[in-house]
Amino acid sequence: MGGRSDLAAVYRRLRRRFGHQGWWPGRTRLEIILGAILTQSAAWTNVERAIANLRRAGMLRLGRLRRASAFRLASLVRPSGYFRQKAKKIRAFLRFLEHEFAGSLDRMARVSAATLRPRLLGVFGIGPETADSILLYAFGRPVFVVDAYTRRVLARHGWLPADAPYEDVRAWFESRLPRSVPLWNDFHAQFVRLGKDFCAKRSPRCAGCPLRKLLPGGAPRAL
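The residue count restarts for each chain, going from 1 along the sequence in the order it is written. Residues qualify for local features only when their pLDDT is at least 70, as the model is predicted, and side-chain atom pairs are given and counted only at 80 or more; totals for whole chains, interfaces and linings, by contrast, use all residues. Hydrogens and waters are ignored; side-chain quantities use all the structure's heavy atoms.

Each cavity reported here is a set of points on a 1 Å grid over the protein atoms alone in which a 1.4 Å probe fits but cannot get out, each pocket an open set with protein on both sides within 12 Å along at least five of seven lines, and each lining residue one with an atom within 4 Å of a point. Grid points are joined across faces, edges and corners, and a volume is the space filled by probe spheres set on the points. Evaluation of the coordinates by the stated rule reveals one cavity of 30 Å³ or more. Here the largest cavity is characterised by a volume of approximately 90 Å³. Looking at the largest cavity, it is lined by 14 residues, and the ones nearest its centre are His157, Cys199, Cys206, Cys209 and Leu215. Only Asp, Glu, Lys and Arg are considered charged, only Ala, Val, Leu, Ile, Met, Phe, Trp, Tyr, Cys and Pro nonpolar, and every remaining residue, Gly among them, polar. Looking at side-chain class alone, the lining of the largest cavity contains ten nonpolar, one polar and three charged residues.

Below is the structure:
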């Protein structure tokens, strides 16, 4: 694939088919951050159940969340899977927030993405995809989020190797798109929708896929 015009055409095809995705679902910065951690190795429907548990327990407030025991927190996020590890990751983020920003998400929001990203990556349980989801969706920073759906689509179309490093894939998008938070937000969400509806890991449903004409030879590529 070439430059901006080609990638813009991909986005237009997806947007025409699926419409605006309104992603990331979350009422507050804190809820979005928790969702970014809980969605690791989990279906979003299960993450929604975990967040609903937190909401019913009044835990979507920083003060209540900080005071929750590890056992209590793990029991609430259980639907998301790997619940003990995810409780540890949430508590690690809360310690980071308290230590680095006096417990204030507003203070964190004032830090540049270039400064905040490496600091987030130093927190237990926060890898590149989670950090970028927090930056883009919770703080509105222009960082393109790369996930498994995105990689799968790129590889099947021969645009990038399946094993391309995360940072290379992110840079590939960011160098070919206008620097726009709303665009990068919805473009990532379009890939998620495409992956769920058509570009499955096994037995992709290429018939009717809005990007089918862009496949090499018009046929799906094996990964």
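Still more ground to cover, so stick around.
In terms of domains, the protein chain is made up of domain 1 (4-22 + 145-208) and domain 2 (29-138). Contacts are residue-level and defined by heavy atoms, with any inter-residue pair within 4.5 Å sufficient. Opposite the twelve residues of domain 1 that make contact, domain 2 presents eight residues. Buried area is a sum: the accessible area each of two parts loses on coming together, probed at 1.4 Å, counted once for each and added. In terms of surface lost to domain 2, no three residues of domain 1 exceed Val145, Tyr166 and Asn185, which account for 51% of the buried area on that side. What counts as a salt bridge is simple: a side-chain nitrogen of Lys or Arg found within 4 Å of a carboxyl oxygen of Asp or Glu. At the surface where domain 1 touches domain 2, the tally comes to two salt bridges. Put simply, Glu167 and Arg117 hold a salt bridge, and the shortest N to O gap is 2.9 Å. Polar contacts, as counted here, are pairs of nitrogen or oxygen atoms within 3.5 Å of one another; within protein the pair requires one atom able to donate a hydrogen and one able to accept it, and residues that are adjacent in sequence qualify only if both atoms are side-chain atoms. The interface formed by domain 1 and domain 2 includes four residue pairs in polar contact (both at pLDDT 80 or more). Secondary structure counts use DSSP, requiring at least four H or I residues in a row for a helix and at least two E residues in a row for a strand, with both numbered from the N terminus. Of all the elements in the fold, those that place two or more residues in the side of domain 1 that touches domain 2 are helix H11 (166-174) and helix H12 (181-197). With six residues, the top contributor of residues to the side of domain 1 that touches domain 2 is H12. Note that the domain bounds were set by an automatic or database domain assignment.

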